[in-house]
Amino acid sequence: MDLADILSKEQIVTDLQARDRWQAIDELLGVLVAAGKIRSEDREAIAQVVRRREQSMSTGIGFGIGIPHASTELIHEVVGALGRSRHGVDFEALDNQPVKLVMLFLVPQGQFQKHLHTLANIAKLLHKADFRKALEEAPDAETMMALIRQHCGKK
């Protein structure tokens, strides 16, 4: 799975308001609830799983990228939300730089290979400097989604 498979323009926040990684995770979980990708009654339980994963080691991987992720039995397909921060989010990233792009994704419990494959695809794509720059400069979610489809080889 890649970004084009798990995102829609409704799952992209072009102006993330969060100042730290915990707020970013909560903001993106709200997007998933609003998009009907997770049930509102499951939001807090899912948030706890993502926070627990994030506490073990920050998913701020450097280059202005954060990829919080977790597995949960409360979903049945891979889901995700992308947030872009104009001011940067304190993610306690490996390079100590603020995060501009936060990609939250969730994988159904027990799908370890799919989890690793999805994480690898997202990280590989977001490590491309030209792609990151294009996402950061895109005027709206529709343009961001078109860029994602283009870079993932989808129409």
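Only a predicted model underlies this, so the values are computations on that prediction, with no experimental measurement involved. (Residues numbered from 1 in each chain as written. Predicted model: local features only at pLDDT ≥ 70, side-chain atom pairs only at ≥ 80, totals over all residues. Heavy atoms only, no water.)

Turning our attention to the environment of I12. Examined against the element boundaries, I12 turns out to sit in strand β1 (residues 12-13). Those residues within four positions of I12 in sequence are excluded, and the remaining contacts are L82, A141, M144, M145 and I148. (Helix = DSSP H or I, 4+ residues; strand = E, 2+ residues; numbered from the N terminus. Contact = heavy atoms within 4.5 Å.)

The next thing to look at is unusual backbone geometry. You will see that F63, though not glycine, has its phi angle at about 60°, which is positive. Among the structural elements, F63 can be located in the loop between β2 (60-62) and β3 (65-66). Unlike most non-glycine residues, E92 shows phi in positive territory, near 50°. Turning to its location among the elements, E92 is positioned in the loop between β5 (79-89) and β6 (99-108).

Right, let's get into helix α4 (residues 112-126). In this model, α4 (15 residues) spans 21 Å end to end at C-alpha, consistent with the 21 Å of a helix rising 1.5 Å per residue. Considered for burial, the residues of α4 that qualify are H115, T118, I122, A123, L125 and L126. In a view along the axis of α4, the buried residues occupy a sector of 165°, so they form one face of it. Along α4, the residues that are exposed and aim more than 90 degrees away from the buried face are F112, Q113 and K124. (Expected span 1.5 Å × (residues − 1). Buried < 20%, exposed > 50% of the residue type's maximum accessible area, 1.4 Å probe, protein only. Arc of directions from axis to C-beta.)

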